[in-house]
Amino acid sequence: MSLSKFFPISLEILEEILLNLPPVEVVRVCRMVCHQWKEVVDSKSLWKERCRREGYHLSDTSKNPKDWRLFYFLCKQRRNLLKNPRGEEELNGWLILNHDYRCFRYGGRFGGFDGFGGNRWAVHGIRRPHPEETVQKNFVTSYTMAKKSQLIDLGKEGYSPSFMDHFQPDIRISDWYAPRHDCGCIYEIRVELLNEKKRPVQTFAPDIVEFKYGSDERWNKMAHVFKSYGPGVRYVSFTHGGRDTQFWAGWYGIRLTESCVEICPAADK
């Protein structure tokens, strides 16, 4: 029986009440009150207005989301799932890898060992201004191949298996890299969507990028969007790295910063 028989209320007033309640409670609690409330909670107008009030909109204003409620919650949850992407906490949060010498250890305050005779990973101030003005630090590599990685558990980040399997939201990755003008270097990246057994579902592994001696030190952006990847994705593995090509002591290799993995609305790139 609808509560409106006991407490007459217009749809406009009801919508305004719901707009001022926590969104999760609106879906989990208010939607179950009665048929009238369910209709309002499920309406496009409620979530479209909520997006307007909280400043969530598509980059292309000529397009509209297919599902405004899904769009709202994806925007609300949207954030960088990588820890310490700029090196502001030195190497904390990163697993330091070296496939050449099969050395493994977690990054810490004083950097990670990257091979016999090679300098360790380091964190330096940026040499060239980054497009994002708040970026002031970057990871730097040396003369042996240095890689670092993070494994993101989507369930622990709030994206349940049922959500991932049903909606399959876009997974966007990006990484910024730059060479030095006084030394050649190489850059590589590999990002994998993994299932429950941590086996690859989809992989993004572009060709190695090589910079010659004398290259412009400007920042370059690597980006990719995983979409329509099917059910079963539970983890994201992000690995990148590089080295210099002239084997100089010190840190003359590729410079990395502002790495990002995020779950985002399909229509908003």
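Higher on the page you've got the structure.
In what follows, the accompanying structure is described. Computed from a predicted model, the values in this text were never measured in an experiment. (Residues numbered from 1 in each chain as written. Predicted model: local features only at pLDDT ≥ 70, side-chain atom pairs only at ≥ 80, totals over all residues. Heavy atoms only, no water.)

Throughout the structure, instances matching the rule amount to 13 aromatic pairs. When the ring of Trp47 is compared with that of Phe73, the centres are 5.4 Å apart and the planes differ by 45°; the resulting orientation is tilted. Separated by 26 residues along the polypeptide, Trp47 in helix α4 (residues 44-54) and Phe73 in helix α5 (residues 68-77) bring together distant segments of the chain. Of the residues examined, Trp47 reaches a relative accessible area of 1% and is grouped as buried. Between Tyr72 and Phe73, the aromatic rings sit 5.3 Å apart at their centres with planes inclined by 85°, giving edge-to-face as the arrangement. Among the residues examined, Tyr72 registers a relative accessible area of 0% and is labelled buried. Classification of Phe73 by relative accessible area gives partly exposed; the value is 23%. Put simply, the rings of Trp47, Tyr56, Tyr72 and Phe73 touch in pairs and so form one group of aromatic residues. Geometry around Phe139 places Lys148 over its ring, the cationic atom sitting 3.7 Å from the centre. Sitting above the plane of the Tyr235 ring, Lys198 keeps its charged end 5.1 Å from the centroid. (Phe/Tyr/Trp six-rings, centres within 6.5 Å; stacked < 30°, edge-to-face > 60°. Helix = DSSP H or I, 4+ residues; strand = E, 2+ residues; numbered from the N terminus. Buried < 20%, exposed > 50% of the residue type's maximum accessible area, 1.4 Å probe, protein only. Lys NZ or Arg CZ within 6 Å of the ring centre and 35° of its normal.)

Relative to each other, α4 and α5 sit at 30°, their axes nearing to 8 Å. On the basis of their axis angle, the class for α4 and α5 is roughly parallel. Two packed elements cross with a definite hand, and for α4 against α5 that hand is left-handed. Packed against α4, whose contacting residues are Lys44, Trp47, Lys48, Arg50, Cys51 and Glu54, the element α5 presents Trp68, Arg69, Phe71, Tyr72, Phe73 and Lys76 at the interface. Grouping the constituent residues of the contact of α4 with α5 by class yields six nonpolar, no polar and six charged. (Axes fitted to C-alpha atoms, helices over the stretch in contact; angles between N-to-C directions. Parallel < 35°, antiparallel > 145°, perpendicular 65-115°, else oblique. Left-handed = near helix turned anticlockwise from the far one by under 90°. Contact = heavy atoms within 4.5 Å. Nonpolar A, V, L, I, M, F, W, Y, C, P; charged D, E, K, R; others polar.)

To continue, consider the side chain of His240. Inspection of the secondary structure puts His240 in strand β11 (residues 235-244). Looking at His240, its side chain comes within polar contact range of the side chain of Lys148, at 2.7 Å. Within polar-contact distance, the side chain of His240 engages the side chain of Asp175 at 2.8 Å. With residues near it in sequence (within four places) discarded, His240 still touches Trp94, Trp121, Ala146, Lys147, Lys148, Asp175, Tyr187, Glu188, Ile189, Leu256 and Ser259. (Polar contact = N/O pair within 3.5 Å; in protein donor to acceptor, adjacent residues only side chain to side chain.)

Spatial relationships are all this shows, so hold off on functional conclusions.
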